[in-house]
Amino acid sequence: MTSVGTSAGTDTGAARAAVVRRLREGMAHSVLSFPLTSFRDDGSLDPDGHRAYVAERLATDPGAVFPACGTGEFFSLDEDEYRQVVTLTVEESAGRVPVVAGTGYGWAQALRFARIAEEAGADALLVMPHYLTAAPQDGLVAQMERIAAGTRLPLIAYQRGQVAYTAESVRRLARVPGVIGLKDGHSDLDRLQRSVLAAPEDFLFFNGAATAEVQARAYAAVGVPAYSSAVHAFAPEIANAFLAALHGGDSGTVDKLLRDFYVPLVELRDRVPGYAVSLVKAAARLRGCPVGPVRAPLTDPSPADLAELKTLLTTGLDLVGAAL
């Protein structure tokens, strides 16, 4: 006779396996969407604007949607705002694609957000790099173990900033029940190759560089073809055209988009700390998306940088036959 505990564990395992399967399918055919969070001009959360914006992202067929993560200014949301953002995204998604909510800070705070995400109906969690403190590999793994033990939702670890897992640590993470994958933001391809080889075949990896398309071919060469796209947050036409060219082996189109749009965007992004989010939000506003300003400590682009962004965005859209 099966015990209640065993049955519950089996149910959780089956649910996690289903999430992995859906994420893998989504990652194979489309980019991963990291939506912005909509604020009003006074900095308050704009639920109606956020719902409309997320609906527009979902209409472009992303592989999965990741609300309240780095691009969504997770670090600036209180718990009630986080609940609203995740809930609205789940409602708009209506089961069409997996919803992976951000969580983070220390493990105790991460679990507070994880419980909210569970209640809101999220499918999984992206664990953002912990706050401030450098940590040894044993501590990084222990952090994920503590979070995994406190939530039924599967976890994707995110290495960026002070968090960088060795291949052995990735091997250990893959053995933690509930940890299903890794988002890489370091672009250390030697380390990443070792991690891919150390992990089991069903462990998910994806390219999470700030402008992932620039390094998409290099990541694919080490076995990580899937990626998140910041450009999808404001110009899904460009993001989808790039992916189609990449998958279709159209190196001419890939090179032209990189040369005339993506690389100049990276150069503009690198001018000011925080532009990886601020420029994305400004570009979305240029296209009429109701996302509002960024919150401090981020700052909106200067008038000169905004004008340059508009020119660059127009160029990128022209390349794929779309308009501002």
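Above: the structure in question.
Residues numbered from 1 in each chain as written. Predicted model: local features only at pLDDT ≥ 70, side-chain atom pairs only at ≥ 80, totals over all residues. Heavy atoms only, no water.

## Focus on the packing of aromatic side chains
Point 1. Here the structure, examined in full by the defined rule, presents 10 aromatic pairs.
Point 2. Seen in terms of ring centroids, Phe 34 and Phe 66 are 4.4 Å apart; in terms of plane orientation they differ by 15°. Their pairing is stacked. Note that Phe 34 is positioned in the loop between β1 (32-33) and α2 (47-58) and Phe 66 in the loop between β2 (64-65) and α3 (79-93), a separation of 32 residues in sequence.
Point 3. A residue is classified by how much of its surface remains accessible, and Phe 66, at 1% relative accessible area, is buried.
Point 4. Joined through ring pairs, the aromatic side chains of Phe 74, Tyr 82, Tyr 105 and Phe 113 make up one cluster. (Phe/Tyr/Trp six-rings, centres within 6.5 Å; stacked < 30°, edge-to-face > 60°. Helix = DSSP H or I, 4+ residues; strand = E, 2+ residues; numbered from the N terminus. Buried < 20%, exposed > 50% of the residue type's maximum accessible area, 1.4 Å probe, protein only.)

## Focus: the sheet that holds strand β8 (residues 228-229)
Point 1. Ordered by their spatial adjacency, 3 strands build an open sheet running β2-β1-β8, and the pairing between neighbours is parallel. Both edges of this open sheet fall to β2 and β8, since each of them pairs with a single strand only.
Point 2. Two elements, β1 and β2, share 2 bridges in a ladder whose sense is parallel. Within β2, the position partnered with Ser 33 by the bridge is Val 65. (Pairing = 2+ DSSP bridges.)

## Regarding the sheet that holds strand β4 (residues 124-127)
Point 1. If you walk across this open sheet you meet the 5 strands as β3-β4-β5-β6-β7, and the pairing is parallel. The open sheet has two edge strands with one neighbour each: β3 (100-103) and β7 (204-207). Pairwise comparison of adjacent strand axes, ignoring direction, gives a mean angle of 25° for this sheet.
Point 2. Bridging between β4 and strand β5 (residues 155-159) involves 3 bridges; their strand directions are parallel. Residue pairing in the sheet places Leu 125 in a bridge with Leu 155 of β5. (Axes fitted to C-alpha atoms, helices over the stretch in contact; angles between N-to-C directions.)

## Regarding unusual backbone geometry
Point 1. Cis geometry marks the peptide bond from Ala 296 to Pro 297; its omega dihedral reads 15°.
Point 2. Mapped onto the elements, Pro 297 comes out in the loop between α11 (275-286) and α12 (303-319).
Point 3. One non-glycine residue, Glu 73, lies in positive phi territory at about 55°.
Point 4. With respect to the helices and strands, the residue Glu 73 is situated in the loop between β2 and α3.
Point 5. The buried category is assigned to Glu 73, whose relative accessible area is 0%.
Point 6. The phi dihedral of Ser 187 is positive, around 60°, even though this residue is not glycine.

## Points about the environment of Ala 110
Point 1. Along the polypeptide, Ala 110 turns up in helix α4 (residues 107-120).
Point 2. The class for Ala 110 is buried, based on a relative accessible area of 0%.
Point 3. Residues Ala 110 and Met 128, 18 residues apart in the sequence, show an inter-C-alpha distance of 8.9 Å.
Point 4. Those residues in contact with Ala 110 that lie beyond four places of it in its chain are Thr 103, Gly 104 and Ile 147. (Contact = heavy atoms within 4.5 Å.)

## A look at the pattern of salt bridges
Point 1. Going through the model one piece at a time under the given rule, you end up with 20 salt bridges.
Point 2. Across the salt bridge formed by Arg 51 and Glu 92, the nearest N and O atoms sit 2.8 Å from each other. Of this pair, Arg 51 sits in helix α2 while Glu 92 sits in helix α3; the two residues are 41 residues apart in sequence, bridging distant segments of the chain.
Point 3. Judged by relative accessible area, which is 28%, Arg 51 ranks as partly exposed.
Point 4. Put simply, Asp 260 and Lys 256 hold a salt bridge, and the shortest N to O gap is 3.0 Å. Linking Asp 260 with Lys 256, this pair stays in helix α10 (residues 251-269), spanning 4 residues, or about one helical turn.
Point 5. Overall, Lys 256 belongs to the partly exposed group, its relative accessible area being 41%.
Point 6. One connected set of salt bridges, linked through shared partners, spans Arg 51, Glu 91 and Glu 92. (Salt bridge = Lys/Arg side-chain N within 4 Å of Asp/Glu carboxyl O.)

## A short note on the layout of surface pockets
Rolled over the atoms, a probe as big as a water molecule pinpoints where empty space is left.
Point 1. Computed from the structure, the largest pocket encloses a volume of approximately 810 Å³.
Point 2. For the largest pocket, the lining is made up of 29 residues, of which Gly 70, Phe 75, Met 128, Tyr 158 and Arg 160 are closest to its centre.
Point 3. Those elements that provide at least two residues to the lining of the largest pocket are β8 and α11.
Point 4. Here the residues of the lining of the largest pocket sort into 19 nonpolar, 8 polar and 2 charged.
Point 5. Contributing to the lining of the second largest pocket are 15 residues, with Arg 24, Phe 203, Phe 205, Gly 223 and Pro 225 lying nearest its centre.
Point 6. Going through the elements one at a time, α1 (4-29) and β7 are the ones with two or more residues in the lining of the second largest pocket. (1 Å grid on protein atoms, 1.4 Å probe; cavity = no way out; pocket = protein on both sides within 12 Å on 5 of 7 lines; lining within 4 Å. Points joined across faces, edges and corners; volume = space filled by probe spheres on them. Nonpolar A, V, L, I, M, F, W, Y, C, P; charged D, E, K, R; others polar.)

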